[in-house]
Amino acid sequence: MVPDLPRVGLVKILFVCLGNICRSPAAEGVMTKLVTEAGLEQVWEIDSAGTIGMHAGNPADVRMQTAARKRGVALTSRARQIWTADLDRFDLILAMDRSNFGDIGLLAGKSRRAEVALFCEFCTRHREIEVPDPYYGGPEGFEKVLDLLEDGCAEILRLWREEKRWNPSTNA
Ligand code: 4NP
């Protein structure tokens, strides 16, 4: 089931993968590009994190940056590890794979505010359940990641806009 997105106020969305150097920073970049193009950057807060802290402080993997740049997506974030407070701070936390989803669940207390879901629940043109980890593979893996992210992120934005019926030109 696709979770409900908040209808009013700031939308806070966090993308999560293992290392926060490939999939989730790319998701952050793709979502940021779409939201900026829609003129909604003041309304959306977009971030990413990893379930491990091994790469904390590092920029996105160069292979991911290169593939994203070819699609007009700049990856500017630095890796960080998810922490318990994120579960209360964000509205929606999207895990790239089931392992990430399980690890987020281990962090989450009963009172968490965030809805947690698998990213691929939002994909409309792909049947994958997970965004596959490209780290140990070739360039095609990074392209696949971006294909899935562009699909799901467009749907996330479409759903939010449809539900809220918020048009920047009429709500300035
Ligand atoms: P990510 O990819 O979870 O999409 O950032 C990986 C990054 C690092 C490692 C594995 C996957 N690693 O094993 O260090």
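Residues numbered from 1 in each chain as written. Predicted model: local features only at pLDDT ≥ 70, side-chain atom pairs only at ≥ 80, totals over all residues.

Chemist: Can you walk me through the sheet that holds strand β3 (residues 92–95) in this structure?
Modeler: Strand pairing within a sheet occurs via backbone hydrogen bonds; the two strands may be parallel or antiparallel. Spatial strand order, β2-β1-β3-β4: 4 strands in an open sheet with parallel pairing. Two strands close off the open sheet at either side, each with one partner strand: β2 (44–50) and β4 (115–118). Neighbour to neighbour, the strand axes of the sheet diverge by 20° on average, direction disregarded. Across 7 bridges, the pairing between strand β1 (residues 11–17) and β2 is parallel. Paired with F15 across the strands is S48, a residue of β2. Running over the sheet, helix α4 (residues 98–107) touches β1, β3 and β4 and is turned about 160° from β4. (Pairing = 2+ DSSP bridges. Helix = DSSP H or I, 4+ residues; strand = E, 2+ residues; numbered from the N terminus. Axes fitted to C-alpha atoms, helices over the stretch in contact; angles between N-to-C directions. Contact = placed C-beta atoms within 7 Å.)

Chemist: I would appreciate a short explanation of the confidence of the model for the chain in the present structure.
Modeler: When pLDDT is low, close inspection of the predicted coordinates is not appropriate. Considering every residue of the chain, the mean pLDDT works out to 91; 90% of them sit at 70 or more. Note on residues 165–172: pLDDT under 50 across the span, and 4 contacts to partners over four residues away in sequence or across chains. (pLDDT = per-residue confidence, 0-100.)

Chemist: What's the story with the environment of G57 in this structure? I'm lost.
Modeler: Mapped onto the secondary structure, G57 falls in the loop between β2 and α2 (62–70). You can call G57 exposed: it has 8 C-beta atoms within 10 Å. For the pair G57 and S77, spaced 20 residues apart in sequence, the C-alpha to C-alpha distance is 8.9 Å. Residues within four places of G57 in sequence aside, it is in contact with R78 and A79. (Buried ≥ 20, exposed ≤ 12 C-beta atoms within 10 Å, placed from the backbone.)

Chemist: How should I be thinking about helix α1 (residues 23–37) in this particular structure?
Modeler: The α-helix advances 3.6 residues per turn, and as a result positions three or four apart in sequence lie on the same side. The end-to-end C-alpha distance of α1, which contains 15 residues, comes to 21 Å, matching closely the 21 Å that a straight helix rising 1.5 Å per residue would cover. Across the 15 residues of α1, 11 count as buried, placing the element largely inside the fold. Here α1 has its buried residues at R23, S24, P25, A26, A27, E28, G29, V30, M31, T32 and V35. Two residues or fewer past α1, G39 is found with a positive phi of approximately 75°. (Expected span 1.5 Å × (residues − 1).)

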